[in-house]
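Tertiary structure, described
Here is how the chains run, residue by residue.
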Amino acid sequence: MKVSILASSSSGNTTYIETGKHKVLVDAGFSGKKIKELLASVNRNIEDLDSIFITHEHSDHIKGLGVLMRRYNLNVYANSGTWDAILGKSSMGKIPTDKIKILEPEQHLQLDDLDVNPFLVSHDAAEPQFYQFMENDKKICLLTDTGYVSDRLKDEIKGADAYLLEFNHDLEMLREGPYSWDLKQRILSDTGHLSNDSGGQTLVDIVDRHTKKVFLGHLSPENNTKAVAYEAALETCERAEPEVASDFEILKTDPTTAQPLFTV
Ligand SMILES: [Zn+2]
Ligand SMILES: [Zn+2]
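A brief look at the structure comes next. (Residues numbered from 1 in each chain as written. Chains lettered and ligands numbered in written order. Predicted model: local features only at pLDDT ≥ 70, side-chain atom pairs only at ≥ 80, totals over all residues.)

Further remarks concern the overall build of the chain. Within the chain one finds 10 helices and 14 strands. Expected size for 264 residues packed as a compact globule is a radius of gyration near 18 Å; at 17 Å, the chain falls within 12% of this value. In the chain, which comprises 264 residues, the share counted as buried stands at 45%. When contacts within the chain are restricted to residue pairs at least 6 apart in sequence, long-range pairs at least 24 apart make up 69% of them. (Helix = DSSP H or I, 4+ residues; strand = E, 2+ residues; numbered from the N terminus. Rg over C-alpha atoms; globule rule 2.2 N^0.38 Å. Buried ≥ 20, exposed ≤ 12 C-beta atoms within 10 Å, placed from the backbone. Contact = placed C-beta atoms within 7 Å.)

What follows deals with the nonpolar core. Buried together is how nonpolar side chains tend to be arranged in soluble globular proteins. Judged by nonpolar contacts, the single largest core of 63 residues is most densely connected at Ile52, Ile140, Leu143, Tyr163 and Leu165. The contact partners of Tyr163, leaving out residues within four places of it in the chain, are Cys141, Leu143, Val214 and Phe215. (Core = buried A, V, L, I, M, F, W, Y, C linked by C-beta atoms within 7 Å.)

Taken together, 7 strands build an open sheet; the order of strands is S7-S8-S9-S10-S11-S12-S13 and the sheet is mixed. Sheet topology places strand S7 (109–111) and strand S13 (249–252) at the edges, where each strand pairs with a single neighbour. When strand polarity is set aside, the average angle formed by the axes of neighbouring strands in this sheet is 20 degrees. Here strand S12 (residues 213–217) runs beside S13; their pairing, made up of 4 bridges, is parallel. Pairing of Lys213 across the sheet is with Glu249, part of S13. Across the sheet, helix H9 (residues 226–240) lies against S12 and S13, angled at about 165 degrees from S13, the strand it touches most. (Pairing = 2+ DSSP bridges. Axes fitted to C-alpha atoms, helices over the stretch in contact; angles between N-to-C directions.)

So, on to the environment of Asp155. Within the secondary structure, Asp155 sits in helix H5 (residues 151–157). Along the sequence, Asp155 and Val121 sit 34 residues apart, while their C-alpha atoms lie 14 Å from each other.

Here we take up the sheet that holds strand S1 (residues 2–9). In spatial order, the strands read S6-S5-S4-S3-S2-S1-S14; together these 7 strands make up an open sheet with mixed pairing. The open sheet has two edge strands with one neighbour each: strand S6 (100–102) and strand S14 (262–263).

What follows covers unusual backbone geometry. Among all residues save glycine, negative phi is the norm, and among peptide bonds the norm is trans. Of note, Asn43 is a non-glycine position whose phi angle comes to about 60 degrees, a positive value. Relative to the helices and strands, Asn43 resides in the loop between helix H1 (32–41) and strand S4 (51–53). Judged by the 8 C-beta atoms lying within 10 Å of it, Asn43 falls in the exposed class. Positive phi is not limited to glycine here, since Asp112 has a value of about 50 degrees. By the element assignment, Asp112 lies in the loop between S7 and strand S8 (114–120). When the 10 C-beta atoms within 10 Å are taken as the criterion, Asp112 is described as exposed.

Pairing between strand S2 (residues 12–18) and strand S3 (residues 23–26): 4 bridges, direction antiparallel. Within S3, the residue paired with Ile17 across the bridge is Val24. The turn joining S2 and S3, which pair antiparallel and follow one another in sequence, is formed by 4 residues. With 3 bridges connecting them, S3 and S4 associate as parallel partners. Counterpart to Val26 in the pairing with S4 is Phe53.

With 15 residues, H9 extends 21 Å from end C-alpha to end C-alpha; this agrees with the ideal 21 Å at 1.5 Å per step. Looking only at H9, the buried set comprises Ala229, Ala232, Ala233 and Cys237. Take H9 and look down its axis: the buried residues cluster within an arc of 125 degrees, on one side only. Opposite the buried face of H9, by more than 90 degrees, sit the exposed residues Ala227 and Arg239. (Expected span 1.5 Å × (residues − 1). Arc of directions from axis to C-beta.)

Moving on: helix H3 (residues 65–72). Helical geometry note: an α-helix holds 3.6 residues per turn, so side chains three or four residues apart project in the same direction. Along H3, the residues classified as buried are Leu65, Leu68 and Met69. For H3, the arc enclosing every buried residue in end-on projection is 100 degrees, short of the 170-degree limit, so these residues lie on one face. The elements touched by buried residues of H3 are H1, S4, helix H2 (59–62) and strand S5 (75–78). Once H3 finishes, Asn73 follows within two positions and takes phi at roughly 60 degrees, a positive value.

Bear in mind that shape data such as this cannot, by itself, settle questions of function.
Here you go:
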C-alpha cells in the first residue's frame, strides 16, 4: 500500500492511498484544481482515482467533493448521517446519486485488495467517522477531528504500521490566542479537537512494535506550529517509555504541500 498525506491542517485535508487495484482519497477539503496539483506533485493523476472516503461534512474535508464527483466518476463512501448532512448543503451542487455509497460505522468493506474499517469519533459533526485501511497485513489508520479517544477505540486501532494522528493545538497558544471564548470552548470540548498533549497521549497508547511512521496532522495554523507539535510528540514519547520513541518516525504534515509517497 502506498500513501501520501497530500495536505493536512484545520484549513483543509486530503490523503491519497493506493493498493494494487485501487487509488482512493480520504476527504477532499480543497478545490478540485488544488487536489489535482497535490496529486501531480507525487506523480499521480487525478483521472486514475476510483473512490473517495469522507470522514464528515465540515468544509475542510469536503470543499472539492461536488466538483470531483461531477468530473471524475468517483464512488464516494460515507455513513448515512454524513450523507444526509452533505446532501443538505446547497453549496454541494448537483451530485450523481448512483455514486453515493453508504458505509456505516463498524461496517467492514472489502474492495478487492483494499480492506476498510470505519469507526466513529467524538466530534461536532453529524456522524463523524474515520478509517483504517489495510492491504495484506499492512495497516494505516487515520484519526483527526476528535475531541476524545476512548480506551475502546485505542484498543481497536492499536498497532497500525502508520498513523495520521491529530495534533490540533497547543493548549497555551489556544487559550491566549485570538479565537472567541465560544470557539475556544468548542475546540477544547470532548467533541472538538485533540490538543498536542492529548494527541501525544493517544500516540503513546496506540503505537506498538509494528508502527513505523506517525504523521502529526490537522494542526491549527493559529494555535500551533509544526515545531511545537513535534516537540510535544517527542517529549510525550520520551516521558512514557524511552525505547518506544526510537522505534518509529514522527513526521510533520503541511497545510498545502504533499508529503512524499511512502510504502506502508
Ligand atoms: Zn477538520
Ligand atoms: Zn471537523
